Amino acid sequence: MGPAGTALSYPRGVPGRGCGPNGLRWQPGAPPLPDPPPAPSCSGPGWAVTLLRGVRMSYPGYPPTGYPPFPGYPPTGQESSFPPPGQYPYPSGFPPMGGGAYPPAPSSGYPGAGGYPAPGGYPAPGGYPGAPQPGGAPSYPGGQGFGAPPGGAGFPGYPQPPTQSYGGGPAQVPLPGGFPGGAMPSQYPGGQSPYPSQINTESFPSYPVFSPVSWDYSSEPAPMTQGTHGTIRPAANFDAMRDAEVLRKAMKGFGTDEQAIIDVVANRSNDQRQKIKAAFKTMYGKDLIKDLKSELSGNMEELILALFMPSTYYDAWSLRNAMKGAGTQERVLIEILCTRTNQEIREIVRCYQSEFGRDLEKDIRSDTSGHFERLLVSMCQGNRDENQNVNHQLAQEDAQRLYQAGEGRLGTDESCFNMILATRSFPQLKATMEAYSRMANRDLLNSVSREFSGNVESGLKTILQCALNRPAFFAERLYYSMKGAGTDDSTLVRIVVTRSEIDLVQIKQMFSQMYQKTLGTMIASDTSGDYRKLLLAIVGQ
């Protein structure tokens, strides 16, 4: 029925009765339906053709360009909440399919609030908190720091040594398609990333030519340009015989003059202490170490003996002590083998054999197992690349391999992590961590925590933490050796002694920056007596 109760009739071929040309029934209150078009003529010589064409032809206004608004929709006052067709916003969190890099790389810096993630590693409340925000590497206070490529922000959140600088290149090498999900670079057959030996460096003229792993160890490695300093320097006007005499008088007779011993020991380099030891035996026919052991005890004895051991011997002795008897102190193995230079590790291996008549690698194999054993065996080879130049193209490649070996698959390819983290230089690993954060929207330290557990997780994270900032790693270890009830004196002594001539100045700076208190203050509150005096003298308080 039409308006005012009039009947509607339409010719054949038009939508059913009571319906307009658009197929909708007329509703009360709606505007009048349009008049139907005239029916096609069925007379004349061309009527058959006309009818045939009428099947496909459409009269003006039909089909309609859009349905008229349905009464009551959208609700009054909510028109703006219903976007027009074709303009619905793309749901957040779902990357566009088939286009662009996934995940999208951030446009600037490495934002994030992170540092070392807490699970399974070395948590540090108030130091470097948990995982960084997606899209950025852990953020460490201290500015640009070392290894930040030109034009890029430094690793914010993890304190950076102010003078540390690694060679670099461009901050980022975007590859076609991005990772993961995007198309692989066309120059790689089969869409697979090449191994380091397959990389054509000629196609990247702006990047330094770099051999990912240098297998020629006939020459000395490139010097580390970390700009670090120890708290103990060689004493000027050193006289070994005079110092030997002072020590003899301090131990002679009833009682011991510990302050005289502290004044000598804390102000001489390790090399000078070895000369004092030799002069003492020459002058008095007695072994200085045995005399000191008879006069001292407890933590003071352990600290004095550590100071008089040659640095290489002390590391070898610590490793032997960690594996001797029932149980194994895995943290000692990790701390020494995962942080030392190639030359230091090779000297430790030789010293271990000559002093204890044992093969370090065999002892590691007998005391550890699984992927942790393989990581430590890799470390004790002392074959890490030490080229200080950074290949940013290789960093992108390694970041993709690590993603595909961990987060990008079901399960974990542990051997891929072992290969990259055991062979790449520390500056190269830092660039890889930055590339990984841009590519995977997740910090590599966080990914290691998700993919590994136990000792192998601690070992891999130690390597990455040292790549970011070695002094901050040791500052964290010192903090946890004294935090809470009791003190881990062996760890405290070992780190203070071994780093006293290398980077203890930077460790103190990082400690203050991370924990808002000085290292000396915490040592003074956790130790006592002559042991405390000697530690503070070494630290420089």
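Residues numbered from 1 in each chain as written. Predicted model: local features only at pLDDT ≥ 70, side-chain atom pairs only at ≥ 80, totals over all residues. Heavy atoms only, no water.

### Focus: the side chain of Arg-320
Cut-off, in case you're wondering: To qualify as a helix, a DSSP run of H or I must reach at least 4 residues; to qualify as a strand, a run of E must reach at least 2; elements of each kind are numbered from the N terminus. We call a residue buried when its accessible area falls under 20% of the maximum for its residue type, exposed when it is over 50%, and partly exposed in between, using a 1.4 Å probe and counting protein chains only. Contacts are residue-level and defined by heavy atoms, with any inter-residue pair within 4.5 Å sufficient.
Position of Arg-320 among the secondary structure elements: in helix α7 (residues 311-323). Overall, the relative accessible area of 16% leaves Arg-320 in the buried class. Those residues in contact with Arg-320 that sit more than four places away from it in its chain are Tyr-352, Phe-356, Arg-358 and Asp-363.

### Considerations on the packing of helix α10 (residues 360-367) against helix α11 (residues 370-379)
Pairs of packed helices are described in terms of their axes, by the angle between the two and the distance that separates them. Rules: Axis geometry follows a simple rule: fit a line to the C-alpha atoms, using only the stretch in contact for helices, then measure angles between N-to-C directions, giving values from 0 to 180 degrees. Any angle that falls under 35 degrees is termed roughly parallel, while one over 145 is termed roughly antiparallel, one within 65 to 115 roughly perpendicular, and all others oblique. Throughout this entry, Asp, Glu, Lys and Arg are counted as charged residues, while Ala, Val, Leu, Ile, Met, Phe, Trp, Tyr, Cys and Pro are counted as nonpolar. The remaining residues, Gly among them, count as polar.
Running from N to C, α10 and α11 cross one another at 170 degrees; their axes reach a closest spacing of 9 Å. The pairing of α10 with α11 is recorded here as roughly antiparallel in orientation. Between α10 and α11, the contacting residues are Glu-361, Ile-364 and Arg-365 on the first element and Glu-373, Leu-376 and Val-377 on the second. Residue classes in the contact of α10 with α11 are distributed as 3 nonpolar, no polar and 3 charged.

### Details of the packing of aromatic side chains
Put simply, the test is: Aromatic rings from Phe, Tyr and Trp, taking only the six-membered ring of Trp, are treated as a pair when their centres fall within 6.5 Å; an angle between ring planes under 30 degrees marks them as stacked, one over 60 as edge-to-face, and anything in between as tilted. Two conditions define a charge located above a ring, namely a distance within 6 Å from the ring centre to NZ of Lys or CZ of Arg, and an angle within 35 degrees of the ring normal.
Within this structure, the stated rule accounts for 11 aromatic pairs. Centroid distance Tyr-479 to Tyr-515: 3.9 Å. Interplanar angle 5 degrees. Geometry classified as stacked. In this pair, Tyr-479 is assigned in helix α16 (residues 454-482) and Tyr-515 in helix α18 (residues 504-515), connecting sequence segments 36 residues apart. Here the two residues Tyr-479 and Tyr-515 agree in accessibility, since each one is buried. Here the aromatic residues Tyr-479, Tyr-480, Phe-511 and Tyr-515 are joined through ring pairs into a cluster of three or more. Over the aromatic face of Phe-426 sits the side chain of Arg-384, whose NZ or CZ is 4.6 Å from the ring centroid. Positioned over the ring face of Phe-426 is Arg-470, at 4.8 Å from the centre of the ring.

### Overview of α11
Every α-helical turn comprises 3.6 residues, leaving residues that sit three or four positions apart pointing alike. For α11, every residue scored as buried is listed here: Phe-372, Glu-373, Leu-375, Leu-376, Val-377 and Met-379. Looking at the packing, one finds that the buried side of α11 touches α8 (330-337), α9 (342-356), α10, α13 (414-423) and α16.

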